[in-house]
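# Results of the structural survey
The primary structure of each chain is shown beneath.
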Amino acid sequence: MKKSSLSDMESALFEWFKEKRIEGIPISGPMVYEKAKWFHEHLKIEETFNASQGWLFRFKTRQGIRQLDIQGESLSGDLTAATLFNDEFHSFLSKLNLSPDQVYNADESGLFWKMLPSKTLAAQSEKSAPGHKSNKERLTIMTCSNATGSHKIKLTVIGKAKKPRSFKRTEMKYLPCDYYHHPKAWMNQNEKGIPKRAVLLLHNAPSHPSESP
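Here we take up the overall build of the chain. When its secondary structure is counted, the chain shows four helices and seven strands. Walking the chain from its N terminus toward its C terminus, one meets helices and strands in the order α-α-α-β-α-β-β-β-β-β-β. The proportion of buried residues among the 213 residues of the chain is 27%. Considering only contacts within the chain whose residues lie at least 6 apart along the sequence, 63% involve residues at least 24 apart. Of the roughly 15600 Å² that the chain leaves accessible, carbon and sulfur atoms contribute 53%.

Written out as structure tokens, the structure is:
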């Protein structure tokens, strides 16, 4: 492959990359972009540099860098059960004469905002990518919208602190979400509201209300 005209910058970048991988630090594409721009500036290279997807692809190819999974899990779905539920649900909507505007889906998700990535770029010599102990400090987020996307419920966020330091001098009512606090940052049943005249789809979790009206 054609040699890069920015070889000094790329040599320094690859040395940095190898050092970080020896330390076990996960490296992503955006991290490589930012460090490449840093080296370009600090090495005072006069040639113009554009940190593009094309450049990153060529740099990884030249250095034999590829992507490895640090950790992950495989999920499989029951297609038969899914098809059966789909047919029964459409029949249910038809029976009650409900439109997609009246069908809502709500679900909570954990945001582990201090956790390192589960994938990393790795040198050709690396056979695996051992990870570090994960920081599991989390926020719980609930999203809810109807099937057409015409009505989206305001985002709900649950954290451990009653008023985090980052909220200092901030009026809670002006936040783009409804913030609540809980010692474990988990969602409980009392923190979920159900629209009265709508169908709300929920995954199976202890925080979800019972089926009774």
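With that settled, the discussion passes to the packing of helix α2 (residues 29–42) against helix α3 (residues 53–63). The geometry of α2 relative to α3 is characterised by a closest axis approach of 11 Å and an angle of 95° between their N-to-C directions. What the angle tells us is that α2 and α3 run roughly perpendicular. Within the contact between the two elements, α2 uses Gly29, Val32, Tyr33 and Ala36 and α3 uses Gln53, Trp55, Leu56 and Phe59. Residue composition of the contact of α2 with α3, by class: six nonpolar, two polar and no charged.

Burial along strand β5 (residues 156–159) is two-sided: Thr156 and Ile158 facing one way and Val157 and Gly159 facing the other are all buried. As judged from the three bridges shared by strand β4 (residues 139–146) and β5, these two strands associate in the antiparallel manner. The residue bridging isoleucine 141 from the neighbouring strand is valine 157, located in β5. Pairing analysis gives four bridges linking β5 to strand β6 (residues 178–181), with the strands arranged parallel. Residue pairing in the sheet places valine 157 in a bridge with tyrosine 179 of β6.

Per-residue pLDDT for the chain has a mean of 76; in total, 71% of the residues score no lower than 70. Confidence, read as mean pLDDT per element, is least for strand β1 (residues 66–69) in the chain (68) and greatest for α2 (90).

The next point concerns the sheet that holds β4. If you trace the five strands from one edge of the open sheet to the other, you get β6-β5-β4-β2-β7, paired in mixed fashion. Among the strands making up the open sheet, the edge pair consists of β6 and β7 (199–201). Shown here is a sheet whose adjacent strand axes are inclined to one another by a mean of 20°, direction ignored. Sheet analysis places strand β2 (residues 103–111) next to β4, joined by eight bridges and oriented antiparallel. From the neighbouring strand, tyrosine 104 faces β4, where its bridge partner is asparagine 146.

What counts and what doesn't
Residues numbered from 1 in each chain as written. Predicted model: local features only at pLDDT ≥ 70, side-chain atom pairs only at ≥ 80, totals over all residues. Heavy atoms only, no water. Helix = DSSP H or I, 4+ residues; strand = E, 2+ residues; numbered from the N terminus. Buried < 20%, exposed > 50% of the residue type's maximum accessible area, 1.4 Å probe, protein only. Contact = heavy atoms within 4.5 Å. Areas by Shrake-Rupley, 256 points an atom, 1.4 Å probe, with all protein chains shown as cover. Axes fitted to C-alpha atoms, helices over the stretch in contact; angles between N-to-C directions. Parallel < 35°, antiparallel > 145°, perpendicular 65-115°, else oblique. Nonpolar A, V, L, I, M, F, W, Y, C, P; charged D, E, K, R; others polar. Pairing = 2+ DSSP bridges. pLDDT = per-residue confidence, 0-100.

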